[in-house]
Amino acid sequence: MTVDTYRPRRSVLYMPASNERALAKIGSLACDAVIIDLEDGVAPAGKVFARDRVADVLAARPERRCEMVVRINPLASEWGIDDLLAVAKAEPDGILLPKIGTPRDILEAGDLLDDNFALDTVKLWAMIETPKALLNIGAIAELGRDPASRLACFVAGTNDLVKATGISTDRRYLMPWLLQLVLAARAGGLDVIDGVANDFRDLDGFARECVEAAAMGFDGKSLIHPNQIEPANRAFAPSPEALARARAIRDAFARPENAGKSVIALDGRMVERLHLAEAEKLLAKAAIIGA
């Protein structure tokens, strides 16, 4: 994603579509995105009502303060296709597809949106929560290079991966898969969001997990409680040290004596123009999020 199209996704809060009180607070939240959940957050008996309610919330929303995404039920379920089409009509920023396994799952959803004249601005997000999705992650991510696919973002479904594989809930055992997910996302030009931390009362532990995820290359963290918003926003924002370094690199290349140079020395270190590009990108993103 280029700076021109950059949308911060540091904090991505799940919100059950059946929770009226939570839905009413969307406009006051400081998170970068909300995922209104029609899947795990809604009992089977309430799914149709929740779908209609989500469409109403999206259609009547005030000026957007955060990105609004809806997680639908799997397309293969009895609710999935109706979810997709009803939600798309209300023009969310994105539709999160659960339980995908192959590129075909993304393409089929995109075809349905195209056939029903959904706006191009309605993007697709993909939950990576099955072993099959991980095995096919490179091919799935490649769709990100084709704007027609609508694919914009991966979301790690760590709880489902733990359940499906039987590995320990200790996060160390997920690391290889999480790093593979980041690598694939970068190859496809996609954003990638880390999975949830289940103990929403342990904010210190959550903050450490956010710092860890940022260091791994994730763009943000998926959340289950508003109290997690501030630690996530802080962890995935550029640090003061990183911003100071970026400004120093930008200013050094701007000096007349460095005009046209591909490599310069700065504070005893070699700095290339690729570092300048990264510095300018970091500063532009910081300006967007107000860091």
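Below, the structure is looked at part by part. This structure is a prediction, so every number in the text was calculated from the model and none was measured.

**Topic: the layout of surface pockets**
Move 1: Here the largest pocket is characterised by a volume of approximately 900 Å³.
Move 2: Asp219, Glu278, Lys281, Leu282 and Lys285 are, among the 34 residues lining the largest pocket, the residues nearest its centre.
Move 3: Counting residues per element, the ones that place at least two in the lining of the largest pocket are α9 (203-216), α11 (240-254), β10 (269-272) and α12 (273-289).
Move 4: Residue composition of the lining of the largest pocket, grouped by class: 19 nonpolar, four polar and 11 charged.

**Concerning the pairing of strand β1 (residues 11-16)**
Move 1: Taking burial as the measure, the six residues of β1 include five buried ones, the bulk of the element.
Move 2: Relative to strand β2 (residues 33-37), β1 runs parallel, the two sharing five bridges. Within β2, the position partnered with Val12 by the bridge is Ala33.

**Some details on the pattern of salt bridges**
Move 1: Per the counting criterion, the structure on display carries 27 salt bridges.
Move 2: Between Arg150 and Asp114 there is a salt bridge, and its shortest N-O distance comes to 2.9 Å. Separated by 36 residues along the polypeptide, Arg150 in the loop between α6 (137-142) and β6 (151-156) and Asp114 in helix α4 (residues 103-115) bring together distant segments of the chain.
Move 3: The class for Arg150 is buried, based on a relative accessible area of 4%.
Move 4: The exposure class of Asp114 is partly exposed, given its relative accessible area of 37%.
Move 5: We note a salt bridge from Asp199 to Arg201, for which the minimum N-O separation is 3.6 Å.

**Description of the pairing of β6**
Move 1: Buried residues dominate β6, accounting for six of its six residues.
Move 2: Examined bridge by bridge, strand β5 (residues 123-128) and β6 share five bridges and lie parallel to one another. The partner of Trp125 across the bridge, within β6, is Cys153.
Move 3: Strand direction decides the pairing type here: β6 and strand β7 (residues 191-194), joined by three bridges, are parallel. Bridge pairing in β7 places Phe154 opposite Val192.

What counts, and at which threshold
Here, residues in each chain are numbered from 1, in the same order as that chain's written sequence. Reporting of local features is limited, given that this is a predicted model, to residues whose pLDDT is at least 70; pairs of side-chain atoms are given and counted only at 80 or more, and all residues count toward the totals for whole chains, interfaces and linings. Working from all heavy atoms in the structure, the side-chain values ignore hydrogens and water. Within this scheme a cavity is a closed region of a 1 Å grid, computed over the protein atoms alone, that accommodates a 1.4 Å probe without allowing it to escape, whereas a pocket is open but has protein on both sides within 12 Å along at least five of seven lines; lining residues each have an atom within 4 Å of a point. Grid points are joined across faces, edges and corners, and a volume is the space filled by probe spheres set on the points. Secondary structure counts use DSSP, requiring at least four H or I residues in a row for a helix and at least two E residues in a row for a strand, with both numbered from the N terminus. Here the nonpolar group is Ala, Val, Leu, Ile, Met, Phe, Trp, Tyr, Cys and Pro; Asp, Glu, Lys and Arg are the charged ones; every other residue, Gly included, is treated as polar. Only protein chains enter the calculation, and the probe is 1.4 Å; a residue is then buried if its accessible area is under 20% of its type maximum, exposed if over 50%, and partly exposed in between. Strand pairing follows a simple DSSP-based rule, namely that at least 2 bridges must link the two strands. Between Lys or Arg on one side and Asp or Glu on the other, a salt bridge is scored when a side-chain nitrogen of the former is within 4 Å of a carboxyl oxygen of the latter.

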